[in-house]
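# Architecture and fold: a report
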Amino acid sequence: MRLRKQTPLLVLATMSTLLRRSVHAFPTIRPSKKRPRNGDYSSQQLFFSTVKAATTDTSSSSPSTSEMTNLGLMTSRLGLDPTLNRFHSPIVNHPNYSFAEWPPNHTFPMDKFDRIANALMTTCSKTIPGSNLPRPLVRNKQDFFQPLHFNEIPREWFDIIDADFVDRFLQSQLTVEEARYIGFREQTHRPELIERTVLEVAGTVLTCQLACHYGIACNVAGGTHHASPEGGAGYTILNDLAVATNFMTSPELWQSPGSYSLLPQPVQRVLVIDCDVHQGDGTAKFSTLWNSDPKHPKYDTLFTLSMHCASNYPRLKAHSTYDIGLDNGCQDEEYLQELETSVNKALAQVQPDLVLYDAGVDVYEHDKLGRLKISEEGMRKRDRWVLDRCVGANIPVAAVVGGGYDKDVDALARRHAIVHEECAYVWRKYKMWKRKRANDENRA
């Protein structure tokens, strides 16, 4: 099947004068197809290149790879075939989520994503006291699904964000004040940071696709919930939750006119369940903007539930669809009660076709930026309950790791790995490797 032609980000980063658009012109304006004046037809060919989903590398996949390539997955490499995997749900990772030479004393632990992947491949009862895993969750790095590479990711995915901000970010041209507000300061202009920021968004898009096909999936990164339609903030630059919602509810982004849907069921309403200790204010701003006008193209597609520490960042809160502000020092029992009440209410009222779950571990009692008193066991119960609640109701759920801050980055990575372990628990509980095959047979 031929996907619609889209514009790779790498090319757009070098052609901003041609593509600069107004902040108000979203989300349907497409890049100009004007021929380059300098006659550079090799550049023009790349400019209009087609994204070839799930065809880049299938060498490590199972014999049923051909079935997965027909799903239109936005991946540069397929992972372990979920229908043959009885141990864990699909997991998305990219080696460039982390990169080297990050300031060692920076509050944001940039190497945590690499260490999460390592934790998933090493943590078990033989290596970590207290682990209940008989073997590491992931046996081989080839088992991870890998999102599109940076130069394959279409610019159209980011049309919901201020075009001027996106273009300047891709060209390392954000102002000093913008970089300070984001929190990465002089690091904001590094090509490695630009690439990993875009890859993280692509990873969440792929995680959502996998969740819709197999019921549940998780990303080793994601949860950039402070980034708004206008720009970045709070260690987040491009909001993966909003971009993924727009992608999943916009068939024109991933299928040709007149073609059949690449999803088992259409996605029209997405609920973000955000359990990071900080309010998901950026995602809430997307939801408020989209739902404020019934004529908006994204009206009634995104709903947000944020359960956070009321006194924590940001000082000025946005308006989520559901806001649960917790007091400083909130402990496991109260936390889990509030979670069940609020999530049950949101699921009943929104009736989502897809849930995006932000499993931030900065609620942990010893987190540097937390203020709550949630134990590791409390976080595990939280993750298991949310994931089981969604899957039990037959709602696809895509999990992202969210925030977490600790000088001991290996310990932090193991806390982030909890959500992946709980995805695996739910995967095994419901024998979800059978679900897609059964659903395909029923539709046939």
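Figured I'd write up the structure that's included with this text.

Rules of the game
Residues numbered from 1 in each chain as written. Predicted model: local features only at pLDDT ≥ 70, side-chain atom pairs only at ≥ 80, totals over all residues. Heavy atoms only, no water. Axes fitted to C-alpha atoms, helices over the stretch in contact; angles between N-to-C directions. Helix = DSSP H or I, 4+ residues; strand = E, 2+ residues; numbered from the N terminus. Parallel < 35°, antiparallel > 145°, perpendicular 65-115°, else oblique. Left-handed = near helix turned anticlockwise from the far one by under 90°. Contact = heavy atoms within 4.5 Å. Nonpolar A, V, L, I, M, F, W, Y, C, P; charged D, E, K, R; others polar. Buried < 20%, exposed > 50% of the residue type's maximum accessible area, 1.4 Å probe, protein only. Phe/Tyr/Trp six-rings, centres within 6.5 Å; stacked < 30°, edge-to-face > 60°. Disulfide = S-S within 2.5 Å. Pairing = 2+ DSSP bridges.

## Structural notes on the packing of helix α8 (residues 191-214) against helix α9 (residues 240-248)
- Running from N to C, α8 and α9 point in directions that differ by 45°, and their axes come no closer than 9 Å. Classified by the interaxial angle, the pair formed by α8 and α9 is oblique. When you trace α8 past α9, the crossing you get is right-handed. Between α8, through Glu200, Val201, Thr204, Val205, Cys208, Gln209 and Cys212, and α9, the contact on the second element is made entirely by Asp240, Val243, Ala244, Phe247 and Met248.
- Taken together, the residues of the contact of α8 with α9 break down into 8 nonpolar, 2 polar and 2 charged.

## Re the side chain of Thr123
- If you trace the backbone, Thr123 turns up in the loop between α5 (112-122) and β3 (146-147).
- Of the residues examined, Thr123 reaches a relative accessible area of 7% and is grouped as buried.
- Each residue touching Thr123, except ones within four places of it in the same chain, is listed here: Ile128, Ser131, Leu133, Arg135, Pro136, Leu137, Arg414 and Glu421.

## Brief notes about the packing of aromatic side chains
- Within the structure shown, the criterion is met by 11 aromatic pairs.
- Between Phe99 and Trp102 the ring centres are 5.7 Å apart and the planes differ by 85°, which places this aromatic pair in the edge-to-face class. Neither Phe99 nor Trp102 differs from the other in exposure class; each is buried.
- Geometrically, the ring pair formed by Trp102 and Phe184 is edge-to-face, given 5.5 Å between the ring centres and 80° between the ring planes. With Trp102 in the loop between β2 (91-92) and α5 and Phe184 in the loop between α7 (176-182) and α8, the pair connects residues that are 82 residues apart, well separated along the chain. Considered together, Trp102 and Phe184 belong to a single accessibility category, that of buried residues.
- Site record: aromatic cluster; members linked through ring pairs are Tyr97, Phe99, Trp102, Phe108, Phe113, Phe184, Tyr235 and Tyr405.

## Some words on the state of the cysteines
- The tally for this structure, following the rule as stated, stands at 0 disulfides.
- Free cysteine Cys423: the closest other cysteine sulfur is in Cys218, separated by 4.0 Å.

## Quick look at the sheet that holds strand β7 (residues 322-326)
- In spatial order, the strands read β2-β4-β9-β8-β5-β6-β7; together these 7 strands make up an open sheet with parallel pairing. In this open sheet, the two strands that pair with only one neighbour each are β2 and β7.
- Across 5 bridges, the pairing between strand β6 (residues 302-309) and β7 is parallel. Across the sheet, residue Leu305 finds its bridge partner in β7, namely Tyr322.
- α9 rests against β5 (270-274), β6, β8 (354-358) and β9 (397-400) of the sheet, and its axis sits at about 170° to β8.

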